[in-house]
Amino acid sequence: MRGDNRYWARSASDVLASLDSRMEGLSSGEVAERLRRVGPNTLAGAATLPWLRLLVSRFTSPLVLILIVAAVVSLLVRDWVGAWIVLAIILLTAVLSFFQEYRASMAVEALRRRVSVTVQVIRDGVQVAVAAEQVVPGDIIELSAGALVPADARVLEARDCFVNQAVLTGESLPVEKRPGRCTADAGLAMRDNCVFMGTSVRSGWARVVAVQTGASSVFGAIASRLQQHVPETEFERGLRRFGAFLIRLMLFVVVVVLSTNIALHRPALDTLLFAAALAVGMSPELLPVILTVTLSHGARAMAREGVIVKRLSAIENLGSMDVLCTDKTGTLTRGVIQLNSAVDPQGVPDQRVRQLAVLNARLQTGIRNALDDALTNLPDEGKARADSTRKIDEIPYDFQRRRLSVLVPGQTADTACMITKGAVENVLAVCSHVQMAADIQRLDDALRATLMQRFVDWSAQGFRVLALAKRTLAGKPRYTRDDEQAMTLAGFLLFFDPPEPQVAATLGGLDQLGVAVKIITGDNRFVASHVAQNIGMQVRGMLTGGVLRQLSDEALWHRVQTTTLFAEIEPNQKERIINALQKAGHVVGYLGDGINDAPALKAADVGISVDTAVDVAKDAADLVLLRHGLEVIRRGIDEGRHTFANTIKYILINTSATFGNMISMALASMYLPFLPLLASQILLNNLLSDIPAMGIAGDRVDTEWERRPHRWDIRLIRRFMVTFGLVSSVFDLLTFAALMTLAAGETRIFRTGWFTESLLTELCILLVIRTAQPFYRSRPGTFLLWSTVGVMVVTLVLPFLPGAGLFGFVPLPREVLMAIVAITALYVVTSEATKRIFYRHLAGHIIGD
């Protein structure tokens, strides 16, 4: 395989020769050898070790590095025990978080591979579907409307092929691609004989040869820059701001503690270790790990329900979603479209119309859809005729013409018969005559009005109607869309897609979850209204594409809130509707599977597609459904809210307990004649409390929470942290007073007692504030419950175990232990009472009444 430099300026045969390829495609052996040599068609290099980067990242946090440096200094001054204990706890915490996050990441990646993009290639002379990652230079690729281009490639053949390459060139309109040669100095936008990785086919068909794959492609060269512009979700933005708030608070506390202890002439090394450990305890270091584990747990649970999560952060948005926009096909209806009848212009069943329709559907090679499938699956003689008929040419479907034409041999050797199928109005627009029984009549205004009224009547009965026309043309090498004129209307095709039997119950369930369903469809208003009426959908208002064109953005913001049904919608209007709903304050989900759905899928807060969707729609989606229907989405919403709830739950628990304990330690360090806890004791406290926290991912969630959508509320979390942090600090100060009295100034008893009380209260508060209900009425998840109980037992017996002295612990006197247990019990009662007051007066509108 020779070089491929400036392949756009060379002849197609020269490019094929340089790639050691041919029109019949590569052999399986050649593909295997090229995969071994150039690697898979991915943007990441084969040598990438994601697990190693993740493991190293556990030790690159500035706070952890400070602790490591301080521990090394301890080694240098021969404080062997203290140094090794700190290093061991750091290592154990890092390995634990790495294992959890890596396992979660691998599970999610395995789910994503289930919806990978496939490509039609010619290998061993046969067209086959392969994963995009398996494409190699020299592969002959077949591209049709809706396909993602898997590699930089040279066009060999094309028919009305328009490609959207805005991601690379910024061009707002699709660009036509055709065979030929360009000048050697042609820029990217001027290479109309090339297609590029990451772009998508808007309409038409092309056969291309792959030249550059993976990181060698134009897209690969700029992929890292493109990834920097992925917008944050609302949840991610709130999480980032909250993390910044915690870090600012942590730095303030640490600076105050460090300055005070230095001013009091405390040992510099002990003070540094204490301040660093305090910072680790206050910082949200484990939050990304908990978040990944919680989200991956939700992703696996959603996969069991038939929903594959491509972007983890979309799970929170799914839980927050309060508007779901969808087309009716396959969600409100069964999605199993059947041909009800093929009729002539007078509405009489006509076998000839049926046969022409089957020919058109079976011979076309562009966009496949359910209507074509309904025709090609008909068990009649038209199928046999289509298999034996030679196709002369094809004019692919596009969304401006809204029709498709194929040409087959005419009645004489020098003629061709054009068969055109498409939307009724668009087909009638190119017709001049109508086949009426044995006669052909001119299509005048009166007859056109009659035919349109017939179309309206059928639509009102719920039928999807296509028109079919034909024309005899003189033979020539190539036909274009300009030949679609002066045609004769042959008849109509009536399709029926029955309503989904359980959809009414599902709509009711979504309504109870606080999710409003809106229909956005290109079908006419009569079909859409019929479907809505049949499923018992409450239609508050209807807006057609024609009316929408006349509305300003501000007017549309108001109309979308009172509109349930959007009919006759043009492709570019879908995104506008989504944006208007978002401007009106809604979190919007959009379900789509077509080429024109990609912009709306990207614009929506949650883009949802199906596994049978075109590649460009699946690529744009955040979630992919393996089973069709709204019921799958409803169950996904349940899981999304469950995951969202547990994520927020961890944040509330971690911040309130940690905030209180760390503030208490900071205050105590200023007034006590010794450090209240050693660095190793603080780190051990964090390690033990993190074990049950890992179980929050699988915790149960209050039913009240799952009944309505929720959104990130930084103010709620801040109030929660301050309220319960202050309660915790009050009991910490009570503990200080009790220990100063009962320990009689013995430093090790004081530290052991405070360590025990601090950890017990942190574990208890986890069980109390994980639910808005009384904690004794809400059963925790199995792992969360038993790990909490287990760590409590360890906390109580730890001072009495051999080796406890290494951490500076001593057995506690009975009166100290009893005082700690009494204070902890009082803390639980007070926290439960505070929780009820908090939710009743401060947050009842957010979590529960």
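Structure shown above.
The sections below set out a description of the structure shown in this document.

Rules used throughout
Residues numbered from 1 in each chain as written. Predicted model: local features only at pLDDT ≥ 70, side-chain atom pairs only at ≥ 80, totals over all residues. Heavy atoms only, no water. Helix = DSSP H or I, 4+ residues; strand = E, 2+ residues; numbered from the N terminus. Contact = heavy atoms within 4.5 Å. Areas by Shrake-Rupley, 256 points an atom, 1.4 Å probe, with all protein chains shown as cover. Pairing = 2+ DSSP bridges. Axes fitted to C-alpha atoms, helices over the stretch in contact; angles between N-to-C directions. Buried < 20%, exposed > 50% of the residue type's maximum accessible area, 1.4 Å probe, protein only. Polar contact = N/O pair within 3.5 Å; in protein donor to acceptor, adjacent residues only side chain to side chain. Parallel < 35°, antiparallel > 145°, perpendicular 65-115°, else oblique. Nonpolar A, V, L, I, M, F, W, Y, C, P; charged D, E, K, R; others polar. Core = buried A, V, L, I, M, F, W, Y, C linked by side-chain atoms within 4.5 Å.

1. Regarding the overall build of the chain
On a plain count of helices and strands, the chain comes out with 30 helices and 23 strands. For the chain, restricting intrachain contacts to residue pairs at least 6 apart in sequence, the fraction spanning at least 24 positions comes to 74%. Accessible surface for the chain amounts to roughly 35,700 Å². Of this, 57% is attributable to carbon and sulfur atoms.

2. What about the sheet that holds strand β8 (residues 307–309)?
Spatially, β8-β23-β22-β21-β9-β18-β20-β19 is the arrangement adopted by the 8 strands of the open sheet, whose pairing is mixed. Every other strand in the sheet has two partners, leaving β8 and β19 (542–544) as the edge strands with one partner each. Neighbouring strand axes in the sheet, compared pairwise and without regard to direction, differ in orientation by 20° on average. Where strand β9 (residues 323–326) and strand β18 (residues 516–520) come together, 4 bridges link them in parallel fashion. Across the sheet, residue T326 finds its bridge partner in β18, namely I519. Contacting β19 and β20 (565–567), helix α18 (residues 525–534) crosses the sheet at an angle of about 150° to β20. Across the face of the sheet, helix α21 (residues 571–583) comes into contact with β9, β18, β20 and β21 (588–591) while running at roughly 160° to β21.

3. Notes on α18
Taken as a whole, α18 has its buried residues at V527, A528, H530, V531 and A532. At its buried positions, α18 is contacted by α16 (445–460), β16 (464–474) and β20. Of the residues that open α18, the one with a side-chain oxygen 2.9 Å from the backbone nitrogen of F526 is N524. One or two steps after α18, the chain reaches G536, where phi turns positive at roughly 75°.

4. A short note on the side chain of N360
By the element assignment, N360 lies in helix α12 (residues 351–363). Residue N360 is classed as buried on the basis of its relative accessible area of 0%. Discounting chain neighbours no more than four positions away, the residues touching N360 are L404, S405, V406, I419, T420 and K421.

5. Looking at the packing of helix α25 (residues 679–693) against helix α29 (residues 782–797)
To characterise two packed helices, one gives the angle between the axes of the helices and the distance between these axes. Remark: α25 packs on α29, axes separated minimally by 8 Å, with the N-to-C direction vectors making an angle of 155°. Taken together, the axes of α25 and α29 lie roughly antiparallel to each other. Of α29, the residues touching α25 (which contributes L688, I691 and P692) are F783, L784, S787, T788 and V791. A breakdown of the residues in the contact of α25 with α29 according to their chemical character gives 6 nonpolar, 2 polar and no charged.

6. Some words on the environment of V155
Position of V155 relative to the elements: it lies in strand β4 (residues 152–164). Given the relative accessible area of 1%, V155 is considered buried. The spatial distance from the C-alpha of V155 to the C-alpha of A12 is 8.0 Å, given a sequence separation of 143 residues. Once you skip the residues sitting within four places of it in the chain, V155 turns out to touch K177, R178, P179, N193, C194, V195, R207 and V208.

7. So, the nonpolar core
In this structure, L332, I578 and L623 are the most contacted members of the largest nonpolar core, which totals 67 residues. Aside from chain neighbours lying at most four places away, what touches L623 is M302, V307, I308, V309, A314, L318, V606, G607, I608 and S609. I653, F674, W705 and I823 belong to the second largest nonpolar core, which has 59 residues in total.

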